[in-house]
Protein chains: 2
Amino acid sequence: MTDFGRTTLPYCSFVRPGDDRPRVGIGVGTDVMDVTDRSELFAGGTLDRLLAAGPDGWHDVREAANRWVDEPGARAHVVPAADVELRLPFAVADYVDFYASEHHATNVGRILRPDGDALPASWKHLPIGYHGRSGTVVVSGTPVRRPHGQTRAADGTIGFGPTQRLDLEAEIGFVVGAPSCPGEPVPVGAFADHVFGICVVNDWSARDIQAWETVPLGPFLGKSFATSVSPWVVPLASLAGARVDPPERSVELLPYLRDEEPWGLDLELVVTLNGEQISRPPFAAMYWTGAQMLAHLTVNGASLRTGDLFASGTVSGPSPDEVGSLLERGAGFLADGDCITISASARLADGHRIALGEVDGRITT
Amino acid sequence: MTDFGRTTLPYCSFVRPGDDRPRVGIGVGTDVMDVTDRSELFAGGTLDRLLAAGPDGWHDVREAANRWVDEPGARAHVVPAADVELRLPFAVADYVDFYASEHHATNVGRILRPDGDALPASWKHLPIGYHGRSGTVVVSGTPVRRPHGQTRAADGTIGFGPTQRLDLEAEIGFVVGAPSCPGEPVPVGAFADHVFGICVVNDWSARDIQAWETVPLGPFLGKSFATSVSPWVVPLASLAGARVDPPERSVELLPYLRDEEPWGLDLELVVTLNGEQISRPPFAAMYWTGAQMLAHLTVNGASLRTGDLFASGTVSGPSPDEVGSLLERGAGFLADGDCITISASARLADGHRIALGEVDGRITT
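Note that the coordinates shown come from a computational prediction; the quantities given were computed from them, not determined experimentally.

Asks: Describe the relation of the copies chain A and chain B, naming the residues involved and giving the relevant values.
Replies: The transform that puts chain A on chain B rotates by 180° and translates by 0.0 Å along the axis, for an RMSD of 0.0 Å. Taken together, the rotation and translation relating the two chain copies correspond to the operation of a two-fold axis. Among all residues of chain A, the one whose C-alpha sits closest to the rotation axis is Gly218 of chain A, at a distance of 2.1 Å.

Asks: Kindly report on the packing of aromatic side chains, identifying the contributing residues and their values.
Replies: Enumeration over the complete set of coordinates arrives at 30 aromatic pairs over all chains. Between Phe98 of chain A and Phe310 of chain A, the aromatic rings sit 6.1 Å apart at their centres with planes inclined by 80°, giving edge-to-face as the arrangement. With Phe98 of chain A in strand E6 (residues 95-98) and Phe310 of chain A in strand E22 (residues 309-311), this residue pair connects regions lying 212 residues apart in the sequence. In this pair, the class of Phe98 of chain A matches that of Phe310 of chain A, namely buried. An aromatic cluster is built from Phe98, Phe174, Phe191, Trp263, Phe283 and Phe310 of chain A together with Phe220 of chain B, whose rings are joined through pairwise contacts.

Asks: Please give an account of the interface of chain A and chain B that cites residues and values.
Replies: Facing 52 residues of chain A, the contacting portion of chain B comprises 52 residues. Both sides together, the interface formed by chain A and chain B hides about 4800 Å², and carbon and sulfur atoms give 60% of it. Ranking the residues of chain A by area buried against chain B places Arg133, Leu217 and Phe220 of chain A at the top, with a combined share of 17%. Run the count over chain A and chain B and you get two salt bridges. Here Asp308 of chain B makes a salt bridge to Arg133 of chain A, at a shortest N to O gap of 2.9 Å. Seen at the junction of chain A and chain B, the total is 22 residue pairs in polar contact (both at pLDDT 80 or more). Going through the elements one at a time, E6, strand E7 (129-132), strand E10 (148-152), strand E11 (158-162) and helix H6 (290-298) of chain A are the ones with two or more residues in the side of chain A that touches chain B.

Asks: Lay out the pairing of strand E1 (residues 11-15) of chain B in plain terms, naming residues and giving numbers.
Replies: Residue and element names in this part refer to chain B. Where burial is concerned, most of E1 is hidden: five out of the five residues are buried. Both faces of E1 are covered, namely the face carrying Tyr11, Ser13 and Val15 and the face carrying Cys12 and Phe14. When E1 meets strand E2 (residues 23-28), the two strands line up antiparallel, connected through four bridges. Along E2, the bridge assignment pairs Ser13 with Val24. In this structure, E1 lies alongside strand E5 (residues 85-87), joined through three bridges in antiparallel fashion. Directly across from Phe14, in E5, lies its bridge partner Leu86.

What counts, and where the lines are drawn
- Residues numbered from 1 in each chain as written.
- Chains lettered and ligands numbered in written order.
- Predicted model: local features only at pLDDT ≥ 70, side-chain atom pairs only at ≥ 80, totals over all residues.
- Heavy atoms only, no water.
- Least-squares fit on C-alpha atoms with pLDDT ≥ 70 in both.
- Phe/Tyr/Trp six-rings, centres within 6.5 Å; stacked < 30°, edge-to-face > 60°.
- Helix = DSSP H or I, 4+ residues; strand = E, 2+ residues; numbered from the N terminus.
- Buried < 20%, exposed > 50% of the residue type's maximum accessible area, 1.4 Å probe, protein only.
- Contact = heavy atoms within 4.5 Å.
- Buried area = accessible area lost by both parts, 1.4 Å probe.
- Salt bridge = Lys/Arg side-chain N within 4 Å of Asp/Glu carboxyl O.
- Polar contact = N/O pair within 3.5 Å; in protein donor to acceptor, adjacent residues only side chain to side chain.
- Pairing = 2+ DSSP bridges.

Laid out in structure tokens, this is it:
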């Protein structure tokens, strides 16, 4: 249960017990304030209309939300988050996953290519990414069924069965609100004009299925069975105090990728396995920022739609207790019944730390 | 302009001149029969509701369409296809592209890996595929803007600019109607329970952008700028007479991929560049069938949604005049102003050939 404090004001979609109609809520402390009837933007019961409203709409609603929380009678609209069912907050249009942590990419490269370069040749020149399956993005709490698939053993034998190397990937997702036009790249400086906010992502991965299928067209069934997201979308507006410079770049970037404003974010993820904390990946160590990912994603003229979700890729820090996947941890993979929770918080420039929500999932057969 | 004959009865979404409301049409000869008001399934003006209706609904509507075409007064509902604007026929959910032609994969492998194995190790064991960008799937006739992007020259110089190696890929797309449940693979035998029909696809590709970005996560910006589809969706029901055995399999397949009924399709694609025919790719030569692609796509438990589109990958035959891409043809790439048209037809067991529609696009700057 996330305690959001008073200033974050994240959004969710929820249903009350015994009522199937989805509603829009704002997180205040450990409660959900029902704001469905406060704005036409919430009438659909999901965040879709709010996302589409664009920066001015986002600003106006956030200003209003600040008033709603403080007005007399506000308690009448509040219900404990524990008493409602949180739903997938928005309709996911396209889902893209990046590979933006140098520590993660290096760790994985050393494992998969012990005799070669750890980083792919293009890695420092562009944020590598690929499209995933938006239809299997599920909300936190949805059980994750262990996928079956085709694998090849070290001796070359082709096998089929439940994955034996089921992994998590702790990530941050960026939620696109305002669409863009075909043929018109979104520059790094326009990041906040299009991206509404962030969520926490677990990009579940079956390493044995992925290894066999991945050459030459990349991950497919090793990823497409499920991607879990937190039910809360935290507006970028509440993260202004968490913006930091990204790590120093060791290669000169093409103009379209050059940082203008600092869009590094001082976030900390915490990964727990069956209640035991196993890692604390630091998002501030990410080589590529969300603004750079978005600029790259659109530089070929690909347009954005409301509801596009792009995730950072696994967040790993330099230390062994900061890795965002079990592959890097080297201590085995997920068993049936295991429960993974990834929570995130932001450290603001004033020293405060604010909660950003969490995503959890339990492995079933 | 496709002449559909009397028995194909493909579906489209269109608007009449001066009227923005989308309508559903059935292709008869070179005309569109407006059936919008004939069924609640067409009330939305796109094929979305029809797709969701499932096999019984598809059957009933097709039976009815056969009556509508012949009934007195039918001409009152007909307008020449040339007089309407054909729209994207359905909302694309997830878009997946396969790599199912052995001739294409071998040709490409020889070009990209002249000293290695032409086919990737897994190629004969599973239909290799990846997710593409559904938000940039556009209808035939939409201009295709030459994408800009990052490339690396042979001397290692990183450059940026308009692609110099813009290519087409002639493909067939399969349109999913009936959804499936998470965790429940769709067996090869259930292909026609979920797939409503086919369309013609041009999966535009920027080879220089693709080459630099593609290791290790596969194609991304080299493909995501645009994928064009024909405005007509041809029901599988009209292709019963075109079903043939797929090529002999040289490797024993895992049970989930074994052919039950023959789902090879005797289709011929014709590619024209600025009106000149440059290739006739034969779809019957495809190694993997649509039924196998679907079984593989879902074997990990990934669910299907109405509107999912999966394409075959480039269709190439054994002969140089049967290749489905310019890369394989070896005679240069697309220039600004070039227009590519890909049409498809099916040869039925009774010797008749039926038209399946076409997809075209012109390159702009």
